[in-house]
Amino acid sequence: GAANGPRRRGTLVGKSSGQTPTVAVLMGGPSAEREVSLSSGRACAAALREHGGYNVIEVEADRDLPAVLADLSPYAVLNCLHGRWGEDGCVQGLLEWLHLPYTHSGVLASALAMDKQRSKEVYRAAGLPVVDSVIATAAEVRQRHVLPPPYVVKPNNEGSSWGVYLIDADNN
């Protein structure tokens, strides 16, 4: 508080400086990008072990994640989950609820970033230029061109390059 001076953001309070901090590395999860998440999670865990001076625990995210994290009570969580549930605000909300510091954007920013249409609405409202787009079902895209070619087809709420198709005039 005020007697000890202002707290700086990121200052560890309430844990002995003699303890090696535990970092839980979240990976895997239920998304279509599970394998990418496992790979990046393992690589990040290895780097933390080698260069970070942390006690690193790799956690494959599953339905029991809240209980696992509550039992671990890590110093921080490194979110290496990809795609839905890992990048869309869901796991961020869980981590907020458990009062665990984590890497990644917060709940709202994550949810907005994962939803391409909502992101574009926010960008437009801020006066940023946004390319024209259309929301179409998979069936509509398979039946006909939904935009003048060439264009890119991407799911509205997946991460990375999952489900991306480049369409030119020859694609029907």
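For the structure, see preceding data.
Residues numbered from 1 in each chain as written. Predicted model: local features only at pLDDT ≥ 70, side-chain atom pairs only at ≥ 80, totals over all residues. Heavy atoms only, no water.

Asks: Please explain the layout of surface pockets as it appears in this structure.
Replies: Gaps between atoms show up when a probe of the same size as a water molecule is rolled over them. In this structure, the largest pocket spans a volume of roughly 780 Å³. What lines the largest pocket is a set of 28 residues, and nearest its centre among them are Val141, Val152, Val153, Lys154 and Pro155. Of all the elements in the fold, those that place two or more residues in the lining of the largest pocket are helix H5 (116–125), helix H6 (138–143), strand S4 (151–153) and strand S5 (165–167). (1 Å grid on protein atoms, 1.4 Å probe; cavity = no way out; pocket = protein on both sides within 12 Å on 5 of 7 lines; lining within 4 Å. Points joined across faces, edges and corners; volume = space filled by probe spheres on them. Helix = DSSP H or I, 4+ residues; strand = E, 2+ residues; numbered from the N terminus.)

Asks: Explain the pairing of strand S2 (residues 55–61) here, please?
Replies: Regular strands have side chains that alternate between both faces of the sheet. Here strand S1 (residues 22–28) runs beside S2; their pairing, made up of seven bridges, is parallel. Pairing of threonine 22 across the sheet is with asparagine 55, part of S2. Remark: the S1/helix H1 (residues 34–51)/S2 crossover connection has right-handed handedness. (Pairing = 2+ DSSP bridges. Right-handed = clockwise from strand over helix to strand, strands pointing away.)

Asks: How should I be thinking about the pattern of salt bridges in this particular structure?
Replies: Pairs can form between side chains of opposite charge once their charged atoms are near each other. Within the structure shown, the criterion is met by three salt bridges. Notably, a salt bridge pairs arginine 34 with glutamate 60, separated by 2.7 Å at the nearest N-O pair. With arginine 34 in helix H1 and glutamate 60 in strand S2, this pair connects stretches of sequence that are 26 residues apart. Overall, glutamate 60 belongs to the partly exposed group, its relative accessible area being 42%. (Salt bridge = Lys/Arg side-chain N within 4 Å of Asp/Glu carboxyl O. Buried < 20%, exposed > 50% of the residue type's maximum accessible area, 1.4 Å probe, protein only.)

Asks: Is there a simple way to think about the environment of glycine 83 in this case?
Replies: Secondary-structure assignment places glycine 83 in the loop between strand S3 (76–79) and helix H3 (90–97). C-alpha of glycine 83 to C-alpha of glutamate 158: the two residues are 75 residues apart in sequence and 5.4 Å apart in space.

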